[in-house]
Structures are given as structure tokens and as C-alpha cells.
Amino acid sequence: MKGKVFKNKFVFWTILLLNIILLISFSFGIYNKIENYYADDFIDVLLFVVISLVTLLSFISLTLFIIKNKNSIIVFSAVLIMMLLFISIFVFYSIFIVKDFGENVTDLYTVPGVYFIIFGILFIIHKFKYRQDLFELEIEEIGTREN
């Protein structure tokens, strides 16, 4: 065990479970894209690349969480930010190119709900991450304590 990643164990296990769910769901997305191979346009290729990158980063983040490495928070944050970019690209695609955003009433509250959930997870990750004592960084404390 390398050390603590979060202050609370509940947050650690919740984020670990969320990471496992993301890995499994995006792995099924890759499997589905490979099984039904169709690369008709740029959007399909972009979708496959983004799903593959999110799956790879989610796997790396999961392994870093398991070994309790400090970089796991950064990698998992990158996964969530990539998901936000992925959702934003397709919302803008739906609004400006296809022009069908808002035809269904659920479009108007589903997208902000997803943004709210992902930003909430990002806030929880960075609010509860484990920080070492700041006394080690104080200039006046140099040379006064023994390790």
C-alpha cells in the first residue's frame, strides 16, 4: 500500500466503483463499435477514438487507484474531462449541424444533468483528496524537526 488517495474510505470506494462502471461500459462501447464496424464519416471515427481513449485512461486510472498512487486522481480527472468534451462536441454537433437539439423535451434537462453530475464528481475528487501536512513546507520549520 503506497498511501492514502482520499481522506475518506467511502469516497475512495465510491470513485473506485464509478471507475469500474466506466471501464465496463466504455469497453462494451468499443466491443459494439468493433462488432458493427461502420466508419462512414468522420463522426464515427471520432467516436471510436474517443471511446478507446476514455477506456484506456479509465483502465490506467483503475490500476493506479488499486495501487493507491497519487496520480490516479489526475488520470481520473482527465477521464471525466474527456467525457465532458465528448458530450460537448456531440451537443454542438446536434445543435449546429443536425439542428435537432430540443425536439425532444428530455434534451433540455438531460444534458445539464449530466454536466452537473460530472462536475460534482470532479468537485468531490478534488475536495476530498488526501493532502500531507503543510508544516513540512514551512521555511521556519526547516531543520527543527527530525524525520
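Throughout what follows, the structure given in this document is the object of discussion. (Residues numbered from 1 in each chain as written. Predicted model: local features only at pLDDT ≥ 70, side-chain atom pairs only at ≥ 80, totals over all residues. Heavy atoms only, no water.)

1. Looking at the packing of aromatic side chains
As enumerated under the stated definition, the model contains six aromatic pairs in all. Between Phe65 and Phe76 the ring centres are 5.9 Å apart and the planes differ by 70°, which places this aromatic pair in the edge-to-face class. One end of the pair, Phe65, is in helix H2 (residues 42–66); the other, Phe76, is in helix H3 (residues 71–98), and 11 residues separate them in sequence. Given a relative accessible area of 0%, Phe65 falls into the buried group. (Phe/Tyr/Trp six-rings, centres within 6.5 Å; stacked < 30°, edge-to-face > 60°. Helix = DSSP H or I, 4+ residues; strand = E, 2+ residues; numbered from the N terminus. Buried < 20%, exposed > 50% of the residue type's maximum accessible area, 1.4 Å probe, protein only.)

2. Details of the nonpolar core
In terms of nonpolar packing, the biggest core is built from 27 residues, with Phe6, Ile15, Phe65, Phe76, Leu80, Met83 and Ile125 touching the most fellow members. For this core, the secondary structure elements donating two or more residues are helix H1 (9–35), H2, H3 and helix H4 (107–127). (Core = buried A, V, L, I, M, F, W, Y, C linked by side-chain atoms within 4.5 Å.)

3. Let's talk about the packing of H1 against H2
Between H1 and H2, whose axes approach to 9 Å, the crossing angle comes to 145°. Considering only the axes of H1 and H2, their crossing is left-handed. A class-by-class count of the residues in the contact of H1 with H2 yields 17 nonpolar, seven polar and two charged. (Axes fitted to C-alpha atoms, helices over the stretch in contact; angles between N-to-C directions. Left-handed = near helix turned anticlockwise from the far one by under 90°. Nonpolar A, V, L, I, M, F, W, Y, C, P; charged D, E, K, R; others polar.)

4. A closer look at the side chain of Asn19
Position of Asn19 among the secondary structure elements: in helix H1. Polar contacts involving the side chain of Asn19 include one to the side chain of Ser58, which spans 2.7 Å. Apart from residues no more than four positions distant in its own chain, Asn19 is found in contact with Ser58, Ser61, Leu62, Phe65 and Phe76. (Polar contact = N/O pair within 3.5 Å; in protein donor to acceptor, adjacent residues only side chain to side chain. Contact = heavy atoms within 4.5 Å.)

5. Observations regarding H3
Each full turn of the α-helix corresponds to 3.6 residues, which orients residues three or four apart in the same direction. Taking 1.5 Å as the rise per residue, H3 with 28 residues should run 40 Å; its terminal C-alpha atoms sit 39 Å apart, in good agreement. Looking at the residues trailing H3, positive phi occurs at Lys99, about 60°. (Expected span 1.5 Å × (residues − 1).)

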